[in-house]
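Chain by chain, the residues run as shown.
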Amino acid sequence: MTEPEAILRMTGIRKEFPGVVALDDVDFRMFPGEVHALMGENGAGKSTLIKTLTGVHGIDAGTIELGGSAVSFAGPPEAQRAGVSTVYQEVNLCPNLSVAENIFIGREPRRFGRIHWAGMRRRAEVLLGALDLRLDVSAGLGSQSIAVQQMVAIARALDVSARVLVLDEPTSSLDAGEVEQLLKVLRSLREDGMAILFVSHFIDQVFAIADRMTVLRNGKLVGEYRTSDITPVELVTRMIGKELEVLDDLEESAHDRSDLAAAPVFLQADGLSRKGAVAPFSLEIRQGEVVGLAGLLGSGRTELARLLFGADHSDSGTLTVDGAVVPMRTPRAGMDHRIAFSPEDRKTEGLVGELTVRENIVLALQAARGWSRPLSRKRQDELAARYVAALDIRPTSPETLVRNLSGGNQQKVLLARWLITEPRLLILDEPTRGIDIGAKTEIQRLVAKLSGDGMAVLFISAELEEVLRLSHRVTVLRDRKVVAQLDNESLTADEIMSIIAEGSSA
Amino acid sequence: MTGHRLFWPIAALVALLLVDLAVKPSFFSVELRDGHLYGSLVDILRLGAPLILVGIGMTLVVATRGIDLSVGSVVAISGALACLHLSGLGDQNSVGGTLVAVAMALGLCLALGAWNGFLVAVLGIQPIIATLILMVAGRGIAQLITDGQIITITSGPFRAIGSGYLLTLPLSILIALVVFVLTSVLVRRSALGLLIEAVGGNPEASRLSGLRSGRLIWLVYVFGGLCAGVAGLMISANTSGADANHAGLWIELDAILALTIGGTQLTGGRFSLGGTVIGALLIQTLTTTVYTLGIPDTATLLVKAMVVLLVCLVQSPAFRAKVRRRRKSPPPAPADRPVKVEVSA
């Protein structure tokens, strides 16, 4: 079978950062009218490869050919003009501008030398319409859900005459329906002859959409495969370089809650609520218990968790810790009661990007001790080194700036920050979002182990399988209300889905 | 070596000093007269001391993502109040009376810093607006204190703050040195530095990590007020009087410039006190150089501005990358093209 001419051909790409070889002799090619998935664990070099393609990073060796001629872009705008459009993992838009402005920022349609606002809005509506999205394009982007923001980012990439569309983790913040919508859009773009580079940690999505996949591991090329020639298990094996250990044993231990009924209740909420965030709910968490929160994006999962920690304060209801009613008005109050909260949005609410791994890890503990009782540098180094090793944070130097870490490693830093405070309740909001299967497994294992050691965990995830695997009990939210609280004996994802869909409690 | 944060500021400082040396060969000579050190280099340190002080305070404020435009006015108020008290004394040379004057002035400056901190940390007003209030009102307060006149004083002990000597060195240099060392030790030996950088780097993440950022922000404005107060005493002691209109005029801008040159970004987060000191000395050296070169008064500001622009350009990674790329044309050398620098909008 003869293959058509590749639209993009990257050969022998090498990229070094101080102390790290991020890419080593990597080949990559794309054909028009194909969805090509780039697969690998966190830190395998996927994002770096994309950034060398779009000119964010220069390359140390190798060639990049687009449409048969060698190219070297000075940056994403230049790449975009040449037909390589990118939507990044973290949405890089301006929340203070309108939807339409975000789509056309930097290339606003003009008339008589000034911005043609009406034309801009019209074209924005057409573009979003093509994505089946109807909304007020003059509304501020910040008021839209992350899912809509993601769609806007894609619409922005599509507005130029793109030949190659790069989507870095486009689905990590979308719910099932929105993912389907996005995949539909991708299929129609593929039929128009677009070459689509698709990066996702969701194996089933990759198999649903990709025609071809390239696997990277530790900055090296593992191979290129046609989707029809490879099974999911083979794919994962190649990504992590060893046989996938199934999480069966985890499941067994997690569901054994015989001793939990006797465990004392650590935290109890009675009629707790906050206007516009979550309706009055009651919830109790026992020591050593994992309570899962299930529900769609925007169902009030995060808001509920924030009330328990004191990130927001409640309008009504009481919170009881160890049998005593406590006011929980600031995060500091939550910490004083040994509650830890790892927020959903790592970048804006979790980490301080320009500080080092070490500094981020000690931050909460140091804040609790106060400024006048500093952790000695030696102690900081010890803590950082221990958790970098225990959680397998890469790169391993604790002096790396956190913003240079991949998403999964950033998540681990956040976990480390809270683990060193030795919390009694650990609230994890989407701890596995946008991170690879290996890190995901590690985090799940860790949660199971912590709960085994007596730590209470509130686990929030959009992935029902994950919630079911870890939780002893599952609390289901719908439209900002708690609609069901179920013991996880023989619960299935379908049952939870139907509760989410119908709002009926079992 | 050019990679070090302070390489370019120090290089610019050395370059300026070399210009001075070329024009005036005796520029580096320092002599001991009556147990006091004299010389151009000593003068630079002595005259730069107030700016160093204000710069140190401003650096911590900026590190929390704030800014304090009111320091110039606080400088004026500090000098005005001290001189007012001194001028009313029967014996201006009494050490006790001088100490009272100093304490009153510094107490008021602490209160003014607390006012700024209150507006920013408690009421949540944007720092540039919050401190603009005192920037404008403060000059008025200073004028009210001096009743619109220039108060001159004869107090020996007070003038020592500006022109006295201790261990052969001007007292003002020693004061600036002590404040610098104490502040550095305080922020780096305690956890203050880390907490300030965290709050400036990501306020929400810091809050969710349990930092009491309000207190911290309040604290840096109070400290900024104190530093400005000491600088104000120095300036008025040096001129033996309080000039409400001109004391500390535009010093906030010089301080911001100094810390920027020193590598602290106005977007908050990482800060460098040492960098600020270098930056302040650079600005003071520039002023001295302009006089050494005999540039007419009318052109002084323009020359200063041009040198500052040059320093800023040399420091800008984006600008350096551009220059390098141009020099290396034709461009088949993407291999060692510098990493594109993120420029925050």
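Rules behind the numbers
Residues numbered from 1 in each chain as written. Chains lettered and ligands numbered in written order. Predicted model: local features only at pLDDT ≥ 70, side-chain atom pairs only at ≥ 80, totals over all residues. Heavy atoms only, no water. Helix = DSSP H or I, 4+ residues; strand = E, 2+ residues; numbered from the N terminus. Rg over C-alpha atoms; globule rule 2.2 N^0.38 Å. Buried < 20%, exposed > 50% of the residue type's maximum accessible area, 1.4 Å probe, protein only. Contact = heavy atoms within 4.5 Å. Core = buried A, V, L, I, M, F, W, Y, C linked by side-chain atoms within 4.5 Å. Domains from an automatic or database assignment. Disulfide = S-S within 2.5 Å. Pairing = 2+ DSSP bridges. Axes fitted to C-alpha atoms, helices over the stretch in contact; angles between N-to-C directions. Parallel < 35°, antiparallel > 145°, perpendicular 65-115°, else oblique. Left-handed = near helix turned anticlockwise from the far one by under 90°. Nonpolar A, V, L, I, M, F, W, Y, C, P; charged D, E, K, R; others polar. Buried area = accessible area lost by both parts, 1.4 Å probe. Salt bridge = Lys/Arg side-chain N within 4 Å of Asp/Glu carboxyl O. Expected span 1.5 Å × (residues − 1). Phe/Tyr/Trp six-rings, centres within 6.5 Å; stacked < 30°, edge-to-face > 60°. Patch = residues over 30% accessible without salt bridge, like charges linked within 9 Å, V, L, I, M, F, W, Y side chains within 5 Å. Areas by Shrake-Rupley, 256 points an atom, 1.4 Å probe, with all protein chains shown as cover.

On to the overall build of chain A, then. Secondary structure assignment for chain A yields 18 helices and 22 strands. Taking 23 Å as the expected radius of gyration for a compact globule of 506 residues, we find that chain A reaches 24 Å, a close match to that expectation. With the C-alpha coordinates aligned to their principal axes, the bounding extent of chain A is approximately 70 × 50 × 50 Å. With 506 residues in all, chain A has 56% of them scored as buried. A separation of at least 24 residues holds for 67% of the contacts in chain A among residues at least 6 apart in sequence.

The biggest cluster of nonpolar side chains holds 171 residues, and the ones touching the most others in it are Leu308(A) and Phe158(B). Here this core gets twelve residues from one element, more than from any other, and that element is helix α2 (residues 40-63) of chain B. Structurally, this core is a two-domain feature, drawing no fewer than three residues from each of domain 2 (252-338 + 423-506) and domain 3 (352-422) of chain A. When neighbours within four sequence positions are excluded, Leu308(A) is seen to be in contact with Leu267(A), Ala269(A), Leu272(A), Phe281(A), Leu283(A), Leu319(A), Met328(A), Ile339(A), Ile427(A) and Leu458(A). By size, the runner-up hydrophobic cluster in this structure holds 50 residues, among which are Val35(A), Leu141(A), Met151(A) and Ala162(A).

Let us now look at the state of the cysteines. All told, the structure shown has zero disulfides over all chains when counted by the stated rule. Distance from the sulfur of Cys83(B), which forms no disulfide, to the nearest cysteine sulfur (Cys109(B)) is 12 Å.

A few words on the sheet that holds strand β14 (residues 278-286) of chain A. Residues and elements named next belong to chain A. Strand order across the open sheet formed by four strands is β14-β13-β16-β17, with antiparallel pairing between neighbours. The open sheet has two edge strands, β14 and β17 (324-325), and neither has a second partner. Relative to strand β16 (residues 316-321), strand β13 (residues 265-274) is paired through five bridges, and the arrangement is antiparallel. Bridging across to β16, Leu267 finds its partner in Val321. Across the sheet, helix α10 (residues 301-309) lies against β13, β14 and β16, angled at about 60° from β14, the strand it touches most.

All right, on to the packing of helix α11 (residues 251-261) of chain B against helix α12 (residues 273-292) of chain B then. Residue and element names in this part refer to chain B. Running from N to C, α11 and α12 cross one another at 120°; their axes reach a closest spacing of 7 Å. In terms of their interaxial angle, α11 and α12 are classed as oblique. The two elements α11 and α12 cross, and the hand of that crossing is right-handed. Counted together, Asp254, Leu257, Ala258, Leu259 and Ile261 of α11 and Gly275, Thr276, Gly279, Ala280, Leu282 and Ile283 of α12 form the full contact between these two elements. Of the residues in the contact of α11 with α12, the class split is seven nonpolar, three polar and one charged.

For interface size, the figure often reported is the accessible area lost on association. All names here are of chain A. By the assigned domains, chain A splits into domain 1 (8-240), domain 2 (252-338 + 423-506) and domain 3 (352-422). Here the C-alpha centre of domain 3 lies 25 Å away from the C-alpha centre of domain 2. If you look at the interface, domain 2 gives 17 residues, while domain 3 gives 14 residues. Counting the surface lost from both domain 2 and domain 3, the interface buries some 1200 Å², and carbon and sulfur atoms represent 71% of this. Taken together, the links from domain 2 to domain 3 amount to one salt bridge. Between Lys412 and Glu442 there is a salt bridge, and its shortest N-O distance comes to 3.3 Å. For the side of domain 2 that touches domain 3, the elements supplying multiple residues, two or more each, are α11 (331-336), β19 (425-429) and α16 (437-452). The element that contributes the greatest number of residues to the side of domain 2 that touches domain 3 is α16, accounting for five residues. A breakdown of the residues in the side of domain 2 that touches domain 3 according to their chemical character gives twelve nonpolar, no polar and five charged.

Let us look at the sheet that holds strand β22 (residues 481-487) of chain A. The strands making up a sheet are joined through hydrogen bonds of the backbone, oriented either antiparallel or parallel. All names here are of chain A. Read from one edge to the other, the open sheet built from six strands follows the order β18-β19-β20-β15-β21-β22, with strand pairing classed as mixed. Bordering the open sheet on either side are β18 (339-342) and β22, each of which pairs with just one other strand. Along the sheet, successive strands turn relative to each other by an average axial angle of 15°, direction set aside. As judged from the six bridges shared by strand β21 (residues 473-478) and β22, these two strands associate in the antiparallel manner.

On to helix α5 (residues 127-146) of chain B, then. Residues spaced three or four apart along an α-helix face the same direction, because each turn holds 3.6 residues. Residue and element names in this part refer to chain B. Helix length check: α5, at 20 residues, gives a terminal C-alpha distance of 28 Å against a target of 28 Å (1.5 Å per residue), a fit within 8%. All of the buried residues in α5 are Pro127, Ala130, Thr131, Leu134, Gly138, Arg139, Ala142, Ile145 and Thr146. Contact partners of the buried residues in α5: α3 (71-87), α4 (95-122), β3 (151-152), α10 (213-239) and β6 (241-242). One or two steps after α5, the chain reaches Asp147, where phi turns positive at roughly 60°.

What follows concerns the packing of aromatic side chains. By the definition in use, this model includes four aromatic pairs over all chains. Aromatic pair Phe309(A) and Phe341(A): ring centres 5.4 Å apart, planes at 35°, arrangement tilted. Residue Phe309(A) is found in helix α10, and its partner Phe341(A) is found in strand β18; the two are separated by 32 residues along the sequence. Under the relative-accessibility criterion, Phe341(A) is labelled buried at 1%. Measuring from centroid to centroid gives 6.1 Å for Phe118(B) and Trp218(B), while their planes differ by 55°, and the two rings are tilted. Pair noted here: Phe118(B) is in helix α4 and Trp218(B) is in helix α10, with a separation of 100 residues, a long-range link. Judged by relative accessible area, which is 30%, Phe118(B) ranks as partly exposed. Look at Trp218(B) and you get partly exposed, because its relative accessible area is 31%. Among the aromatic side chains, those forming a connected cluster through ring pairs are Phe309(A), Phe341(A) and Trp418(A).

As a further point, take the pairing of strand β12 (residues 220-226) of chain A. Residues and elements named next belong to chain A. Judged from the six bridges that link them, strand β11 (residues 212-217) and β12 form a sheet pairing that is antiparallel. Within β12, the residue paired with Arg212 across the bridge is Arg226. Linking two consecutive strands that pair antiparallel, namely β11 and β12, is a turn of two residues; a positive phi of about 50° is found at Asn218 within it.

Now for a nonpolar patch on the surface. All names here are of chain B. On the surface, a cluster of nonpolar side chains totalling about 320 Å² of accessible area is made up of Ile10, Val14, Leu18 and Phe28. If you trace the backbone, Phe28 turns up in the loop between α1 (7-23) and β1 (31-33). Of the residues examined, Phe28 reaches a relative accessible area of 34% and is grouped as partly exposed.

Let's shift gears to the interface of chain A and chain B. Taken residue by residue, the interface counts 41 residues in chain A and 29 residues in chain B. Approximately 2600 Å² of surface area, both sides summed, lies buried where chain A meets chain B, with 57% of it carried by carbon and sulfur atoms. Across the chain A-chain B interface, the total number found is two salt bridges. Here Glu204(B) ties to Arg306(A) by a salt bridge, and the two come within 3.8 Å at their closest N and O atoms.

Okay, the pattern of salt bridges next. All told, the structure shown has 31 salt bridges over all chains when counted by the stated rule. For Glu359(A), the salt bridge is made with Arg270(B), and the minimal N-O distance between the two is 2.7 Å. Taken together, the positions of Glu359(A) in helix α13 (residues 357-369) and Arg270(B) in the loop between α11 and α12 put the pair across two chains. According to the relative accessible area criterion, Glu359(A) is buried, its value standing at 9%. In this structure, a network of salt bridges that share partners links the residues Arg306(A), Asp312(A), Glu349(A), Glu204(B) and Arg207(B).

Let us look at the environment of Ile50(A). For Ile50(A), the location among the structural elements is in helix α1 (residues 46-53). Separated by 149 residues in sequence, Ile50(A) and Val199(A) have C-alpha atoms that sit 9.8 Å apart.

To continue, consider the environment of Leu158(A). Residues and elements named next belong to chain A. Locating Leu158 in the fold gives a position in helix α5 (residues 146-158). A C-alpha to C-alpha distance of 16 Å links Leu158 and Glu34, two positions 124 residues apart in sequence. In this structure Leu158 touches Leu131, Leu165, Leu189 and Met194, once residues within four positions along its chain are discounted.

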